[in-house]
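Now for the letters of each chain:
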There are 2 protein chains.
Amino acid sequence: MRVYLAGPEVFLPNAREVLDAKIALARRHGFIPVSPGDLEIEHKPTKREFGLAISAVNEKLMLSAEAIIANLTPFRGIAADTGTVYELGFMCARGCPAFGFSNVAQSHFERLQIYYDGKIAGDAQGRPRGPDGLAVEDFDMVENLMLDGGIEARGGAFVTRTVPPGQLFTDLTAFEECLAIAARRLLEGGASSAP
Amino acid sequence: MRVYLAGPEVFLPNAREVLDAKIALARRHGFIPVSPGDLEIEHKPTKREFGLAISAVNEKLMLSAEAIIANLTPFRGIAADTGTVYELGFMCARGCPAFGFSNVAQSHFERLQIYYDGKIAGDAQGRPRGPDGLAVEDFDMVENLMLDGGIEARGGAFVTRTVPPGQLFTDLTAFEECLAIAARRLLEGGASSAP
C-alpha cells in the first residue's frame, strides 16, 4: 500500500535526512512510502511557475497513494502547516485512510488558552471566546474539528506526544506509532479483529 | 451551481450576520450558497462527539456543492484557518473549481519577513531561511504553494485586499470580487470567452 507522507519536514535544514528516515520507517512497517521531494522539479522561468510545478507534482504523488500520514505538529504558530492540512483534506476527500500526528501533546483548546494568555471567557450563550471575540473550539480535539473529524471518519488515528526541546520536527516516535497503527489496520487484513 | 462558502466567519461574535451577508451576496451573483452552520447539529453526549458531528455535516455539505470559495485570511497567526484549508483541499481533490480570498494583501513571503523580524538569510545553497533554520517559501504566492497551486490548477482565482482595521473578517469586498470572477467563469457558459 502506497502511503503519502505529508508534513513540514521539507522546510528543515536537514530535510533530506529526515524525509529519508521517514521513508525507511514506512518501509519497515510494510508500506510503500510516497514523499514530497521524491520527484525532481524541472527549472521554470519564474518563482511562481516553479511553485506551481511543485504543487502539481505533490498532487500527482497524492493521487498515486492510497493513504496519508500527516505531520500536524503546530508550525510557526499554534496550528498545523497549511500545506499539510490541504493535503490531508485532499486525501480524505478521496476516501483514503488518514492518520495524523503532532509532537505537541496539548489539545487545540489548551494551545488557545496559551495564545489568549488564559483570557478566555464565556459569552452570553456560554460559548468560550477570546478577548478578540473569536469563538474558542473546545471539542477535546488536537486541531480544528475538520482535521480530527476527517481522520476519525476514515478510520485513522491522531497520535500526539511531547518531545524533547529542539526536536519538534525531527522526533519520529509519534510518526512511527502512526505507522504501527496504520499497519495493523490496513495491512494485516484484520477484518476479524475489527469490532 | 452550489458553492461552498468556507471560512473562519463561524467563529465571529456576529457569525450569523456575516454568514447571512455572504449567502445573500452569493445568491445575488447567481449561485446557490452552501454554508457551514446551515444545518442544525443534534445534541451529543460529549464535546468530542458534537465536534465530530459538525465535521460530518460540513463534509456532507461540501459533497453537495460543486465549487468552493474559501476565506484564507490569516487567522490567529500568519496562515489561514486550518479548517478552511482542509475544506479547500477536500474540494480540490473532488475536481471542483476553487476560489480563495484574503483580507491581508501581503504575500506569504512578506508575512514571513514580519514573522522573522526581517532576519531571513540565504543558506549555503542560497535558499532563504529563518533564524530557526526553516526554509522560507518565496514563490510570489499568497499562501503555502499547495493552496495557491490547488486554486490555480482548478481554474480559480486568489483575490487579496487590504481592509480597514477591525474589519479583517467582516469586510466582504474581496469575497464579492471572488463571486464576480466565479460567476463569469462558471455561470456564463463562457466557452467562447475562454482563451
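Reference entry: report on the structure contained in this document. Computed from a predicted model, the values in this text were never measured in an experiment.

### A few points about the state of the cysteines
All names here are of chain B.
- Applying the stated rule across the entire model yields 0 disulfides over all chains.
- Cysteine Cys92 shares no disulfide, and the gap to the nearest cysteine sulfur, in Cys96, comes to 8.2 Å.
- A relative accessible area of 1% means that Cys92 is categorised as buried.

### Focus: empty space enclosed by the protein
- The tally for this structure, following the rule as stated, stands at 2 cavities of 30 Å³ or more.
- Of the voids in this model, the largest cavity is the one considered here, and its volume is about 330 Å³.
- Every residue lining the largest cavity is counted, 26 residues in all, and those nearest its centre are Ala79 and Ala80 of chain A together with Ala79, Ala80 and Thr82 of chain B.
- Here the residues of the lining of the largest cavity are counted per class, giving 11 nonpolar, 8 polar and 7 charged.
- Counted as a void, the second largest cavity has a volume near 30 Å³.
- Counted by class, the lining of the second largest cavity contains 3 nonpolar, 1 polar and 4 charged residues.

### Looking at the packing of aromatic side chains
- Inspection of every chain in the model, using the stated rule, returns 12 aromatic pairs over all chains.
- Geometrically, the ring pair formed by Phe50 of chain A and Phe139 of chain B is tilted, given 6.1 Å between the ring centres and 40° between the ring planes. Here Phe50 of chain A is found in helix α2 (residues 47–63), whereas its partner Phe139 of chain B is found in the loop between β6 (128–129) and α5 (145–153) on a different chain.
- Overall, the relative accessible area of 28% leaves Phe50 of chain A in the partly exposed class.
- Through a chain of ring-to-ring contacts, three or more aromatic side chains come together here, namely Phe11, Phe75 and Phe169 of chain A.
- Between the NZ or CZ atom of Lys22 of chain B and the centre of the ring of Phe175 of chain B, over which it lies, the distance is 4.9 Å.

### Remarks on the sheet that holds strand β1 (residues 2–6) of chain B
Residue and element names in this part refer to chain B.
- Pairing is parallel across the open sheet formed by 5 strands, whose spatial order is β2-β1-β3-β4-β7. The open sheet is flanked by β2 (32–34) and β7 (158–160), the only strands paired with a single partner. Along the sheet, successive strands turn relative to each other by an average axial angle of 20°, direction set aside.
- Seen against the sheet, helix α1 (residues 15–28) touches β1, β2, β3 (67–71) and β4 (98–102) and runs at an angle of roughly 150° to β1.

### Structural notes on the packing of helix α3 (residues 82–93) of chain A against helix α5 (residues 145–153) of chain A
Residues and elements named next belong to chain A.
- Following both chains from N to C, one finds α3 and α5 inclined at 35°, their axes separated by 10 Å at the closest point. Considering the relative orientation of α3 and α5, their crossing is left-handed. Facing α3, whose interface residues are Val85, Leu88 and Cys92, α5 presents Leu147, Gly150 and Ile151.
- Its residues assigned to classes, the contact of α3 with α5 shows 5 nonpolar, 1 polar and no charged.

### Observations concerning the interface of chain A and chain B
- Listed per partner, the contact involves 56 residues of chain A and 56 residues of chain B.
- By the criterion of area lost to chain B, the three top residues of chain A are Arg76, Tyr86 and Met146 of chain A, representing 19% of everything that side buries.
- Put simply, chain A and chain B have 8 salt bridges between them.
- Linking Glu152 of chain A and Arg48 of chain B is a salt bridge whose minimum nitrogen-to-oxygen distance equals 2.7 Å.
- Our count for the chain A to chain B interface comes out at 18 residue pairs in polar contact (both at pLDDT 80 or more).
- Taken together, the elements giving at least two residues each to the side of chain A that touches chain B come down to α2, α3, α4 (108–115) and α5 of chain A.

Cut-offs and rules
- Residues numbered from 1 in each chain as written.
- Chains lettered and ligands numbered in written order.
- Predicted model: local features only at pLDDT ≥ 70, side-chain atom pairs only at ≥ 80, totals over all residues.
- Heavy atoms only, no water.
- Disulfide = S-S within 2.5 Å.
- Buried < 20%, exposed > 50% of the residue type's maximum accessible area, 1.4 Å probe, protein only.
- 1 Å grid on protein atoms, 1.4 Å probe; cavity = no way out; pocket = protein on both sides within 12 Å on 5 of 7 lines; lining within 4 Å.
- Points joined across faces, edges and corners; volume = space filled by probe spheres on them.
- Nonpolar A, V, L, I, M, F, W, Y, C, P; charged D, E, K, R; others polar.
- Phe/Tyr/Trp six-rings, centres within 6.5 Å; stacked < 30°, edge-to-face > 60°.
- Helix = DSSP H or I, 4+ residues; strand = E, 2+ residues; numbered from the N terminus.
- Lys NZ or Arg CZ within 6 Å of the ring centre and 35° of its normal.
- Pairing = 2+ DSSP bridges.
- Axes fitted to C-alpha atoms, helices over the stretch in contact; angles between N-to-C directions.
- Contact = heavy atoms within 4.5 Å.
- Left-handed = near helix turned anticlockwise from the far one by under 90°.
- Buried area = accessible area lost by both parts, 1.4 Å probe.
- Salt bridge = Lys/Arg side-chain N within 4 Å of Asp/Glu carboxyl O.
- Polar contact = N/O pair within 3.5 Å; in protein donor to acceptor, adjacent residues only side chain to side chain.

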